[in-house]
Amino acid sequence: MPPLPDPNGVFLNVPYDEEFRSLYVAYIVGLYQLDLVPHLSSEITGGDRRLNRIFKLIQSCRYSIHDLSRVEVSVAATGVPRFNMPLELGMTITWANLYPSRHTWFVWESEPYRLQRSASDLNGTDPCIHNGTAEGVLREVCNAFRRDHMPSVPSMLDDYRFVDNNLNAILYKNGTRNPYDRSVFMELCWLSKTLADLTRLGGPAV
Amino acid sequence: MRKPIHITAPRPTLEELEKRFRISEARKKELQALVDEFKAMHSIREEAPVNSSEPEKRRKRASAA
């Protein structure tokens, strides 16, 4: 049996593509505003098989968010749909069904009712609908999770805009164009956490 | 609609994050400069003669701390 999960840990199962980057930043900023800790599969390193490492990361988090808003067939060179997100969602559902006190999962979508067509086995699941906007992501983070002294969505949006405006500089400094790279994710986390501590009622985390 | 989950776990600290991710001191200084810029931006906004919303008040208190 793996150790107990981080009670603030949230495994983020999101598409790693350029069009998604604003929503990706919104997830990181929004979760830190509620003092939750996002985790991404790209942060894990090691020699173990990738799928095993992802499963360990899911097990180490109390919550997970599975964003299925980009279910379209890829128009990139591969021309094939990406199955990683549904695969990781399936692994998570199995884990949560076995140990419901250890894990709670959420499905996120940009359009209402589309989930019923793309994954009808999930009928009965209420997805969080973010409408494909950063504001929608922040709003839905607040709808999914509550914490004492949480910030308002406009205040979160303010922090999000600042981080998003600095993303290109962070990418440049890390010598990459990929916002999902481990080094960029690390810095987005650091910046989001620091801003969240700064703006939280009552000052830094205690 | 699903009921929101009320999180009661202790808040994570920046130190915990820094243990998880090792960011160089030089790079941390650069990121801190961004944070200072953010603080400065909000100080400027506080002086603007507009209706002060609650988030702005909170920022003012946090900046003053």
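Residues numbered from 1 in each chain as written. Chains lettered and ligands numbered in written order. Predicted model: local features only at pLDDT ≥ 70, side-chain atom pairs only at ≥ 80, totals over all residues.

Q: I would appreciate a short explanation of the overall build of chain B in the present structure.
A: Of the regular secondary structure elements, chain B holds 3 helices and 1 strand. Listing every helix and strand of chain B by position from the N terminus yields β-α-α-α. Burial analysis of chain B (65 residues in total) assigns 11% to the buried set. (Helix = DSSP H or I, 4+ residues; strand = E, 2+ residues; numbered from the N terminus. Buried ≥ 20, exposed ≤ 12 C-beta atoms within 10 Å, placed from the backbone.)

Q: Any chance you could explain the overall build of chain A here in plain terms?
A: When its secondary structure is counted, chain A shows 8 helices and 6 strands. Ordered by position from N to C terminus, the α and β elements of chain A give β-α-β-α-β-α-β-α-β-α-β-α-α-α. Its C-alpha atoms give chain A a radius of gyration of 17 Å, within 12% of the compact-globule value 17 Å for 206 residues. Projected onto the principal axes, the alpha-carbon positions of chain A cover approximately 45 × 40 × 40 Å. When each of the 206 residues of chain A is scored for burial, the buried share is 40%. Summarising the internal contacts of chain A: among those between residues at least 6 apart in sequence, 66% fall at separations of at least 24. (Rg over C-alpha atoms; globule rule 2.2 N^0.38 Å. Contact = placed C-beta atoms within 7 Å.)

Q: Explain helix α5 (residues 134-144) of chain A here, please?
A: Quick reminder: α-helices carry 3.6 residues per turn. Residues three or four places apart thus point the same way. Taken as a whole, α5 of chain A has its buried residues at A134, V137, L138, R139, E140, V141 and A144 of chain A. Elements in contact with the buried residues of α5 of chain A: α1 (21-33), β4 (104-109), β5 (128-129), β6 (145-146) and α6 (153-165) of chain A together with β1 (5-6) of chain B.

Q: Sorry, what's going on with the packing of α1 of chain A against α6 of chain A here?
A: In a packed pair of helices, the relevant descriptors are the angle between the two axes and the axis-to-axis distance. Residue and element names in this part refer to chain A. One way to put it is that α1 packs onto α6 with a least axis distance of 9 Å and a crossing angle of 130°. Classified by the angle between their axes, α1 and α6 sit oblique to one another. In the packing of α1 onto α6, the handedness of the crossing is right-handed. Contact with α1, carried on its side by S22, V25, A26, V29, G30 and Q33, involves M156, D159, Y160, V163 and D164 of α6 and no other residues of that element. Looking at the contact of α1 with α6, its residues break down into 6 nonpolar, 3 polar and 2 charged. (Axes fitted to C-alpha atoms, helices over the stretch in contact; angles between N-to-C directions. Parallel < 35°, antiparallel > 145°, perpendicular 65-115°, else oblique. Left-handed = near helix turned anticlockwise from the far one by under 90°. Nonpolar A, V, L, I, M, F, W, Y, C, P; charged D, E, K, R; others polar.)

Q: Which parts of the structure should I look at to understand the confidence of the model for chain B?
A: Parts of the prediction with low pLDDT should not have their coordinates interpreted in detail. Residue and element names in this part refer to chain B. Per-residue confidence for chain B gives a mean pLDDT of 78, with 63% of residues at or over 70. At the level of individual helices and strands, chain B shows its lowest average pLDDT in helix α3 (residues 54-64), which scores 59, and its highest in β1, which scores 96. Segment residues 44-52: pLDDT under 50, and 4 contacts once partners within four positions in sequence are set aside and those in other chains are kept. In the predicted assembly, ipTM is 0.83 and pTM is 0.88. (pLDDT = per-residue confidence, 0-100.)

Q: Looking at this structure, I do not really get the interface of chain B and chain A. What am I missing?
A: Counting residues at the interface gives 25 residues for chain B and 36 residues for chain A. Those elements giving two or more residues to the side of chain B that touches chain A turn out to be β1, α1 (14-20), α2 (25-47) and α3 of chain B. Residue composition of the side of chain B that touches chain A, grouped by class: 17 nonpolar, 2 polar and 6 charged. When β6 of chain A meets β1 of chain B, the two strands line up parallel, connected through 2 bridges. Each bridged residue has a counterpart across the sheet, and for R146 of chain A the counterpart in β1 of chain B is H6 of chain B. (Pairing = 2+ DSSP bridges.)

Q: Sorry if this is basic, but what is going on with the nonpolar core here?
A: Proteins that are soluble and globular tend to have nonpolar side chains buried together. With 49 residues, the main nonpolar core has V10, A26, Y27, I28 and L188 of chain A as its most contacted residues. Contacts of I28 of chain A, omitting those with residues within four sequence positions, involve P38, L188, C189 and S192 of chain A. (Core = buried A, V, L, I, M, F, W, Y, C linked by C-beta atoms within 7 Å.)

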